[in-house]
Amino acid sequence: MTFHLIASLMTPGHFRSAWRLPDADPHAYLDIDYFRGLARIADEVGLDAIFLGDAPALGPEIATNPGTGIDPLILLGHLAAVTERVGVLVTSSTSYNSPYNLARRFQALDIVTKGRAAVNLVTTYAPAAAANFGQTEPAAKETRYRRAHEFLTVVRRLWDSWEPGAIVADKASGRYVDPGSIHAADHHGEFFSVAGPLPVPGDHPVVVQAGGSEGGLNLGAELADVVFTVAQTQAKAIAFRDDIRRRAVAAGRGADDVKISLGVIVLIGETEDDARTRADELYATLGLDQLARGVLAALGLGDRDLDEPIGIADLPEVPVAEAGSVGFQVSTRALLAERPLSARELARHAPGSGHRLVVGTAEQIADDLESWYRAGTADGFTIMYADTAVDFERFARLVVPLLIDRGLFRPAESGSTLRDRLDVPQYGQRRTGNAAVAG
Ligand SMILES: Cc1cc2nc3c(=O)[nH]c(=O)nc-3n(C[C@H](O)[C@H](O)[C@H](O)COP(=O)(O)O)c2cc1C
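Per an unreviewed UniProt entry, the chain goes by FMN-dependent oxidoreductase (Nitrilotriacetate monooxygenase family) and derives from Kribbella aluminosa. What the UniProt record of the chain gives under Sequence similarities (unreviewed entry) is the line "Belongs to the NtaA/SnaA/DszA monooxygenase family."

**Q** Looking at this structure, I do not really get the packing of aromatic side chains. What am I missing?
**A** Describing an aromatic ring pair means giving the distance of the ring centres and the angle of the ring planes. Within this structure, the stated rule accounts for 10 aromatic pairs. Arranged with centres 6.2 Å apart and planes meeting at 45 degrees, the rings of Phe191 and Phe192 form a pair that is tilted. By relative accessible area, Phe192 is classed as buried at 9%. Judged by centre distance (5.3 Å) and plane angle (85 degrees), the ring pair of Tyr385 and Phe392 falls under edge-to-face. A relative accessible area of 1% places Tyr385 in the buried class. According to the relative accessible area criterion, Phe392 is buried, its value standing at 0%. Aromatic ring contacts, followed pair by pair, group Phe3, Tyr373 and Phe381 into a single cluster.

**Q** Would you explain helix 2 (residues 72–81) in this entry?
**A** Residues three or four positions apart in an α-helix share a direction because the helix packs 3.6 residues into each turn. Of all the positions in helix 2, only Pro72, Leu73, Leu75, Leu76, Leu79 and Ala80 are classed as buried. The arc enclosing the buried residues of helix 2, seen along the axis, measures out at 160 degrees, which places them on a common side. Of the residues in helix 2, the exposed ones pointing more than 90 degrees away from the buried face are Ile74 and Ala81. Its buried side turned inward, helix 2 meets helix 1 (32–45), strand 2 (49–52), strand 3 (87–93) and helix 3 (99–112). Here helix 2 starts with a cap whose side-chain oxygen sits 2.9 Å from the backbone nitrogen of Leu73, and that cap is Asp71.

**Q** Which parts of the structure should I look at to understand the site of the ligand?
**A** The environment of the ligand is made up of 19 residues, and the closest members are Lys141, Tyr145, Gly212, Ser213 and Val326. A distance of 2.8 Å separates an oxygen atom of the ligand from a polar atom in the side chain of Thr91. At 2.6 Å from an oxygen atom of the ligand is found a side-chain nitrogen or oxygen belonging to Ser213. Protein chains bury 92% of the 630 Å² of accessible surface belonging to the ligand in isolation. Mapped onto the shell around the ligand, the elements with two or more residues apiece are strand 4 (117–122), helix 4 (141–159) and helix 9 (326–338). Here the residues of the shell around the ligand are counted per class, giving six nonpolar, 11 polar and two charged. Mapping the shell around the ligand onto the domain boundaries places at least three of its residues in each of domain 1 (4–272 + 355–422) and domain 2 (287–350).

**Q** Looking at this structure, how should I read the pairing of strand 12 (residues 356–361)?
**A** Each regular strand carries side chains that alternate between the two faces of the sheet. A large share of strand 12 lies buried, amounting to five of its six residues. Direction of pairing for strand 11 (residues 259–269) relative to strand 12: parallel, over a ladder of six bridges. Bridged to Val264 within strand 12 is Arg356.

**Q** Explain the side chain of His204 here, please?
**A** Assignment of secondary structure puts His204 in the loop between strand 8 (193–194) and strand 9 (206–209). Taking relative accessible area as the criterion, His204 reaches 2% and is therefore assigned buried. In this view, His204 contacts Arg156, Trp159, Asp160, Arg419, Gln426 and Tyr427; residues no more than four positions away in its chain are not counted.

**Q** Even after reading the chapter, I still don't get the pattern of salt bridges, so can you show me in this structure?
**A** Opposite charge on two side chains permits pairing when their charged atoms draw close. Scanning the entire structure with this criterion turns up 27 salt bridges. Its salt-bridge partner being Arg421, residue Asp48 comes within 3.4 Å of it at the nearest N-O pair. Here Asp48 is found in the loop between helix 1 and strand 2, whereas its partner Arg421 is found in helix 13 (residues 418–422), with 373 residues between them in sequence. Just as Asp48 is buried, Arg421 falls in that class too. With a shortest N-O distance of 3.5 Å, Arg419 and Asp225 are connected by a salt bridge. Here the residue Arg419 occupies a position in helix 13, and Asp225 occupies one in the loop between helix 5 (214–223) and strand 10 (226–229), the gap between them amounting to 194 residues. Take Arg419 and Asp225: they sit in the same class, and that class is buried.

**Q** What exactly am I supposed to notice about the nonpolar core here?
**A** Generally speaking, nonpolar side chains in soluble globular proteins are found buried as a group. The biggest cluster of nonpolar side chains holds 80 residues, and the ones touching the most others in it are Leu5, Leu47, Ile50, Phe381, Phe395 and Leu403. Sort the elements by how many residues they give to this core and helix 4 lands first, with eight residues. When residues no more than four places from it in sequence are discounted, the contact partners of Ile50 are Ala7, Leu9, Ala39, Ala42, Leu76, Leu79, Val86, Gly87, Val88 and Leu89. Listed in part, the 27 residues of the second largest apolar core include Leu21, Ile265, Ala279 and Leu357.

The rules behind these values
Residues numbered from 1 in each chain as written. Predicted model: local features only at pLDDT ≥ 70, side-chain atom pairs only at ≥ 80, totals over all residues. Heavy atoms only, no water. UniProt positions renumbered as here; feature names shortened; annotations may be inferred. Phe/Tyr/Trp six-rings, centres within 6.5 Å; stacked < 30°, edge-to-face > 60°. Buried < 20%, exposed > 50% of the residue type's maximum accessible area, 1.4 Å probe, protein only. Helix = DSSP H or I, 4+ residues; strand = E, 2+ residues; numbered from the N terminus. Arc of directions from axis to C-beta. Contact = heavy atoms within 4.5 Å. Polar contact = N/O pair within 3.5 Å; in protein donor to acceptor, adjacent residues only side chain to side chain. Near = heavy atom within 4 Å. Areas by Shrake-Rupley, 256 points an atom, 1.4 Å probe, with all protein chains shown as cover. Nonpolar A, V, L, I, M, F, W, Y, C, P; charged D, E, K, R; others polar. Domains from an automatic or database assignment. Pairing = 2+ DSSP bridges. Salt bridge = Lys/Arg side-chain N within 4 Å of Asp/Glu carboxyl O. Core = buried A, V, L, I, M, F, W, Y, C linked by side-chain atoms within 4.5 Å.

Next up, the structure:
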């Protein structure tokens with residue numbers, strides 16, 4: 001069995017302060033040549049997909065760190081044109097898009113990339129985004145997930161518009177399509193009214209879902225192909241994967257129809273000493289105190305000594321993540337249940353998020369991924385890089401060959417679709433229940 005590898009090309013890296021390092025280019029996130037270089041490496045070593053996260057708002061830390069980048073759909077459309085086999089995965093918001101536009105855009109990306117497109121649908125927790133779309137504040141999380149569910153249901157109906165073989169192109173009779181094979185979405189729901197159909201035929205691009213709250217888990221299990229998750233302990237990751245698989249079966253799907261992709265941050269040294277030195281350099285660029293205070297706020301702990309150990313008993317009963325992420329909180333709680341850590345230690349542990357940071361040589365990183373995979377934590381990994389400019393290439397050139405040698409990773413082949421590589425079935429709703437367009 002092999003696992004998938006998705007590269008999250010966040011700039012400047014998961015350490016948002018990596019732009020301050022002496023060799024770093026602080027303007028890389030606006031530089032198409034920089035992204036082209038990364039995409040070509042991903043393509044060359046056969047990674048399954050490159051991923052660009054997004055939020056439709058100025059990054060909240062822009063005073064100190066590069067934030068949201070250029071529109072990633074446009075960027076990945078370009079990168080797809082300079083690559084041949086790597087998949088292109090981009091975040092889009094269900095709260096600030098319309099299903100018709102999104103369905104059409106991603107169908108287009110899938111057609112022009114010959115089946116390499118994927119969308120990471122999120123409800124967007126960035127509070128600043130709401131004001132860009134006529135809202136004074138984001139809708140409540142429960143409402144956002146209700147909308148997301150309806151959104152993806154409509155998107156799937158739109159992707160089901162055309163039956164295979166609808167284009168008959170009979171030159172003798174002049175009949176181009178069989179109109180009875182094109183179906184309206186004909187959707188009238190709480191949030192959307194969408195007639196459909198889409199103007200051209202296509203497949204369903206791969207759909208990823210990244211929310212860890214109840215609404216996110218159900219959305220992922222019922223309607224997504226891949227679920228992104230975060231875990232600091234193997235036990236938490238295994239329980240999460242089992243949970244999603246159970247929910248998929250309860251929703252009438254196969255347990256294997258939904259794949260789990262676990263986020264991991266890597267910091268790679270040529271030797272263990274080099275890895276430690278690089279980690280020290282990166283930590284020195286971070287405002288660790290500020291980060292630690294952010295950790296306290298995210299956990300709902302407010303003012304507290306940054307060096308005082310936090311045990312699971314110190315945390316509020318219910319995750320306080322109306323604005324933030326339940327998924328990240330559950331992950332941190334699982335870690336604190338194993339051993340108390342101070343806010344400063346937590347900030348060091350996973351700078352900037354709840355994702356697990358692995359520091360070591362290429363061999364050690366490969367060992368880590370192997371052990372997590374063999375323990376049944378995930379179907380693959382979304383790799384983030386401490387300093388993307390350095391760690392991405394080291395991962396691609398040094399870790400990937402080890403994973404191939406160990407039989408854990410199979411490089412993508414030209415001509416294969418992302419859906420095939422991730423081993424997720426074509427979504428099974430095509431045509432069912434859609435009213436035919438009169439023809
Ligand atoms: C690997 C991973 C990648 C994510 N990427 C994005 C992103 O690009 N944009 C975004 O707004 N949220 C992103 N999220 C956050 C989730 O989609 C979700 O909005 C957040 O976790 C809050 O919802 P929850 O409480 O259901 O977890 C990501 C989460 C994970 C685990």
